Amino acid sequence: MTDQQHHLVEAINWNRIQDEKDVEVWNRLVNNFWLPEKVPLSNDAQSWSNLTDDERLLSMRVFTGLTLLDTIQGTVGAVSLIPDAITPHEEAVYTNIAFMESVHAKSYSSIFSTLASTKEIDEAFRWSRENTNLQRKAALIVERYDGEDPYKKKIASTLLESFLFYSGFYWPMYLSSHARLTNTADLIRLIIRDEAVHGYYIGYKYQRNLETLPEEKREELKAFTYELLFELYENEVEYTHALYDSVGLAEDVKKFLHYNANKALMNLGYEAMFPAETTNVNPAILSALSPNSDENHDFFSGSGSSYVIGKAENTEDDDWDF
Amino acid sequence: MTRGADLHHIRSAAAQGLVPTDARLIYFSSASGYTHRFVQKLALPEGQTARLPLITKEPTLEATAPFVLLTPTYGGGDGKGAVPKQVIKFLNVEGNRRLLQGVIASGNTNFNEGYCLAGYIIARKCQVPLMYKFELMGTSDDVTRVREGLEGIF
């Protein structure tokens, strides 16, 4: 009897939904699906050969570091969230996330094989095994994935998705803002978009699960989140200096880290930690991320800023229907 | 508005399956609640804010006074579905578009050109200013600027 119950498997029914967010996010992930083959990376060959030796080495290391994070998230992280899922649809979303992380990890290999030599590639992977800061950030996250606490798994996962990638993402955004490796940057933007949905969803599920906990436990997890973020942040600062000192960009990268750390906290439902004066990201980087980000739409300030007001257009009700 | 007019209004609104509100800030927030939390942080006087129903099938609101709309942007893909369906339903009521003074949008810069796209779309379609943009549930600076901005208008 118990043995039979143990083997009872429930078929997933997408016509009976407990949490609409599961369907919404599933659809969004499916609509966002892409493969690296659709990005013409080979058009960056000329640009690649114009990079300095330091810049090429930095690129190889940045992308290998990102590969490591995507590998963890694809094969350990997203998969570790499945047993704690509340709904069968939540499980399905995690399988989508896991697969997409593997696509991301593979994308970096596409970049490598298009632009770099086998020797450069092998050296970069050796570097990723030996770099203390990279291995430390992996260890800090995997420790939670291997643990028993379902809440801490989601915290670690959201911090990985929404914070840890950004010391690496900075570099292709920087190059793109200087019209270099622009196709590679297009590919990275697709990854950045995916990570936003992943961080949002895992953070959302974390918050839903929190609702059932007593206040004391919630406070404990909040404290844990800030502690883990700070531990990761200290390591990221060292990692950032190790990577970017050779090109003199470490301070600029750190602002980007602060900005994204705040967004990671928001994805978990917590208030920003870094004050505004430390998150003033280089406008060129923000603009590489989103062309709408640097326009000033502060209508309220009355500072003569240009705000969008459409030219006359008759609005038919039908216009809105999708 | 006199009581009689008010009652008449409620009756006509009810006939269309609409719920009247004279709130100055009308907003949508999904189950994730970011926008709702932003509105809570604004700490506007009671009755000045109204949240659109979460379920699209439920009767939407009917504005009875000039208001500002606050909406999140659904990101990704080719920009399709950027404006939440619940907001579309609300703006499909002609009277609501007439009283709309401007739009505030939230989003995430990770979505590239999709960042706050819902705000751009609504501003264009309804010929109102996109007043302000912010990310996720907003920083304390965003809260201050929007609160002061709304106080300046209403």
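Residues numbered from 1 in each chain as written. Chains lettered and ligands numbered in written order. Predicted model: local features only at pLDDT ≥ 70, side-chain atom pairs only at ≥ 80, totals over all residues. Heavy atoms only, no water.

**Student:** How should I be thinking about the overall build of chain A in this particular structure?
**Tutor:** What chain A contains, in helices and strands, is 14 helices and 0 strands. When the helices and strands of chain A are listed from N to C terminus, the series reads α-α-α-α-α-α-α-α-α-α-α-α-α-α. Looking at chain A as a whole, 54% of its 322 residues qualify as buried. When contacts within chain A are restricted to residue pairs at least 6 apart in sequence, those whose partners lie at least 24 apart make up 79%. Accessible surface, chain A as shown: approximately 14,500 Å² in total, 51% of it carbon and sulfur. (Helix = DSSP H or I, 4+ residues; strand = E, 2+ residues; numbered from the N terminus. Buried < 20%, exposed > 50% of the residue type's maximum accessible area, 1.4 Å probe, protein only. Contact = heavy atoms within 4.5 Å. Areas by Shrake-Rupley, 256 points an atom, 1.4 Å probe, with all protein chains shown as cover.)

**Student:** Teacher, can you tell me more about the packing of aromatic side chains here?
**Tutor:** Centre distance and the angle of the planes are the two values used to describe a pair of aromatic rings. Across all of its chains, the model carries 22 aromatic pairs over all chains by this definition. Plain terms: the ring middles of W171 of chain A and Y174 of chain A are 5.6 Å apart, the flat faces sit at 10 degrees to each other, and that makes the pair stacked. Of this pair, W171 of chain A and Y174 of chain A both sit in helix α9 (residues 166-177), 3 residues apart, roughly one helical turn. Grouping residues by exposure puts W171 of chain A and Y174 of chain A together as buried. These aromatic residues form a ring-pair network of at least three members: F165, Y166, F169, Y170, W171, Y174, Y244, F256 and Y259 of chain A. Looking at K21 of chain A, its charged tip hangs above the ring of Y204 of chain A, at a distance of 5.8 Å from the centre. Taking the ring centre of Y74 of chain B as reference, the NZ or CZ of R28 of chain A above it sits at 5.5 Å. (Phe/Tyr/Trp six-rings, centres within 6.5 Å; stacked < 30°, edge-to-face > 60°. Lys NZ or Arg CZ within 6 Å of the ring centre and 35° of its normal.)

**Student:** When you look at the interface of chain A and chain B in this model, what are you seeing that I'm missing?
**Tutor:** Accessible area lost on assembly of the parts is the figure often given for the size of an interface. The interface is formed by 48 residues belonging to chain A together with 50 residues belonging to chain B. Together chain A and chain B conceal approximately 4,300 Å² of surface at their shared face, both sides included; 57% is due to carbon and sulfur atoms. Between chain A and chain B we count 2 salt bridges in total. Between E271 of chain A and K41 of chain B there is a salt bridge, and its shortest N-O distance comes to 3.5 Å. For the pair chain A and chain B, the number of links is 18 residue pairs in polar contact (both at pLDDT 80 or more). (Buried area = accessible area lost by both parts, 1.4 Å probe. Salt bridge = Lys/Arg side-chain N within 4 Å of Asp/Glu carboxyl O. Polar contact = N/O pair within 3.5 Å; in protein donor to acceptor, adjacent residues only side chain to side chain.)

**Student:** Looking at this structure, how should I read the sheet that holds strand β7 (residues 130-135) of chain B?
**Tutor:** All names here are of chain B. The 5 strands lie next to each other as β3-β2-β5-β6-β7, forming an open sheet whose pairing is parallel. At either margin of the open sheet sits one strand with a lone partner, and together these are β3 (49-51) and β7. For this sheet, the mean angle separating the axes of adjacent strands, direction not counted, is 20 degrees. In this sheet, β7 lies alongside strand β6 (residues 100-107) in parallel orientation, the contact comprising 5 bridges. Residue pairing for β7: V103 is matched across the bridge by L130. Relative to strand β2 (residues 25-27), helix α2 (residues 34-42) is tilted by about 160 degrees, and along the sheet it contacts β2, β3, β5 (67-72), β6 and β7. (Pairing = 2+ DSSP bridges. Axes fitted to C-alpha atoms, helices over the stretch in contact; angles between N-to-C directions.)

**Student:** Would you mind showing me how to read the confidence of the model for chain A here?
**Tutor:** Do not read the fine detail of predicted coordinates wherever pLDDT is low. A residue-level look at chain A finds 89% of positions with pLDDT of 70 or above and a mean pLDDT of 91. For the stretch residues 310-315 of chain A, pLDDT sits under 50, and the model shows 15 contacts to residues farther than four places along the chain or on other chains. (pLDDT = per-residue confidence, 0-100.)

**Student:** Help me understand the environment of N260 of chain A in this model?
**Tutor:** Residues and elements named next belong to chain A. Mapped onto the fold, N260 is located in helix α12 (residues 250-267). Residues N260 and K119, spaced 141 residues apart in sequence, show a C-alpha to C-alpha distance of 34 Å. Apart from residues lying up to four places away in sequence, N260 is in contact with S162, F163 and Y166.

**Student:** Help me out: how do you make sense of the pairing of β7 of chain B in this one?
**Tutor:** Moving residue by residue along a regular strand, the side chains alternate between the two faces of the sheet. By the criterion of burial, β7 of chain B is predominantly enclosed, with 6 of the 6 residues buried. Taking the sense of rotation as the criterion, the β-α-β connection linking β6 of chain B, helix α5 (residues 117-126) of chain B and β7 of chain B turns out right-handed. (Right-handed = clockwise from strand over helix to strand, strands pointing away.)

**Student:** Is there a simple way to think about the side chain of T21 of chain B in this case?
**Tutor:** Residue and element names in this part refer to chain B. On the secondary structure map, T21 appears in strand β1 (residues 19-21). At 3.1 Å, the side chain of T21 forms a polar contact with the backbone nitrogen of A23. Ignoring anything within four residues of it in the chain, the contact list for T21 reads I26, A50, L61, E62, A63, T64 and A65.

**Student:** Just to check I follow, could you spell out the state of the cysteines for this structure?
**Tutor:** Residue and element names in this part refer to chain B. Enumeration according to the criterion identifies 0 disulfides over all chains in this entry. C116 takes part in no disulfide bond, and the closest cysteine sulfur, belonging to C126, lies 16 Å away. A residue is classified by how much of its surface remains accessible, and C126, at 12% relative accessible area, is buried. (Disulfide = S-S within 2.5 Å.)

**Student:** How should I be thinking about the pattern of salt bridges in this particular structure?
**Tutor:** Any two side chains of opposite charge can pair, given that their charged atoms come close. Residue and element names in this part refer to chain A. Enumeration according to the criterion identifies 23 salt bridges over all chains in this entry. For R28, the salt bridge identified is with E24, shortest N-O distance 2.7 Å. You can see R28 and its partner E24 sitting in helix α2 (residues 20-31), 4 residues apart, about one turn around the helix. A relative accessible area of 11% places R28 in the buried class. The partner of D149 in a salt bridge is K217, and the shortest N-O contact between them spans 3.6 Å. Here D149, found in the loop between α7 (132-145) and α8 (150-164), pairs with K217, found in helix α11 (residues 215-244); they are 68 residues apart in sequence, far enough to count as distant.

**Student:** Help me out: how do you make sense of the environment of R145 of chain B in this one?
**Tutor:** Residues and elements named next belong to chain B. Among the secondary structure elements, R145 is positioned in helix α6 (residues 140-153). Here R145 falls in the partly exposed class, since its relative accessible area comes to 38%. Once the C-alpha coordinates of R145 and L42 are considered, the two residues, 103 residues apart in sequence, prove to be 9.6 Å apart.

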